[in-house]
Amino acid sequence: MKNDGFSLIEVMVAMVIAGVALMGTLGAVEVSSRHIRQGGLNSKAIELAQARLEAKRSVRWQSLLDDDLDHDGIPESLMADDGQGSDITADDGIYTAGYERDGVTVVWTIEAERPGPLRSATMVRIQAVASYSGLNGHKREVQVATIRTNPNFVGQR
């Protein structure tokens, strides 16, 4: 007499093996999902920093310190050198502004090549820094910068 089935022990061992394999697969899916979210946040940070940099490169020199964040033609903020908010030190010649969007904080600065009013500067360094909370709560940041010259400047440096 021959039995052509599986015993209860064999079925239980197969279920344990399948359960362990399923748990490993779910763990891998969770880790990859977290990395995908992190990559998306990194891409958003780069995009926001570059957008601020390009906005500052494209405005008229006289409007360099104005920020039209919603693109309606009316500036919502004015970059300041007052040591408040995102500006670290007052009267250091570095004008600063910032905002937070979708978990990314963007701070941009304009620094003239030498002290004095911005309208008489021959060139400025524009920098945008986007920071966000990375995996395990570590702070991550992306920095982009450029130099812009004053098209209205006439005279010697």
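Just above sits the structure.
Source: prediction; values computed, not measured.

**Q** I'd love a proper account of the layout of surface pockets, names of residues and values included.
**A** In this structure, the largest pocket occupies an estimated 190 Å³ of space. Forming the boundary of the largest pocket are Ser86, Asp87, Ile88, Thr89, Asp92, Ile94, Thr96, Val107, Thr109, Glu111, Arg125 and Gln127. For the lining of the largest pocket, the secondary structure elements donating two or more residues are strand 3 (94-101), strand 4 (104-112) and strand 5 (123-133). Here the lining of the largest pocket gets three residues from one element, more than from any other, and that element is strand 4. Within the lining of the largest pocket, the residues separate by chemical class into three nonpolar, five polar and four charged. Estimated volume of the second largest pocket: approximately 160 Å³. Lining of the second largest pocket is provided by Arg52, Ala55, Lys56, Val59, Ser63, Asp66, Asp67, Asp68, His71, Gly73, Ile74 and Pro75. Of all elements in the fold, only helix 1 (8-58) and strand 1 (66-67) reach the threshold of two or more residues within the lining of the second largest pocket. Looking at the lining of the second largest pocket, the element that brings in the most residues is helix 1, giving three residues. In terms of residue class, the lining of the second largest pocket is built from four nonpolar, three polar and five charged.

Calculation notes
Residues numbered from 1 in each chain as written. Predicted model: local features only at pLDDT ≥ 70, side-chain atom pairs only at ≥ 80, totals over all residues. Heavy atoms only, no water. 1 Å grid on protein atoms, 1.4 Å probe; cavity = no way out; pocket = protein on both sides within 12 Å on 5 of 7 lines; lining within 4 Å. Points joined across faces, edges and corners; volume = space filled by probe spheres on them. Helix = DSSP H or I, 4+ residues; strand = E, 2+ residues; numbered from the N terminus. Nonpolar A, V, L, I, M, F, W, Y, C, P; charged D, E, K, R; others polar.

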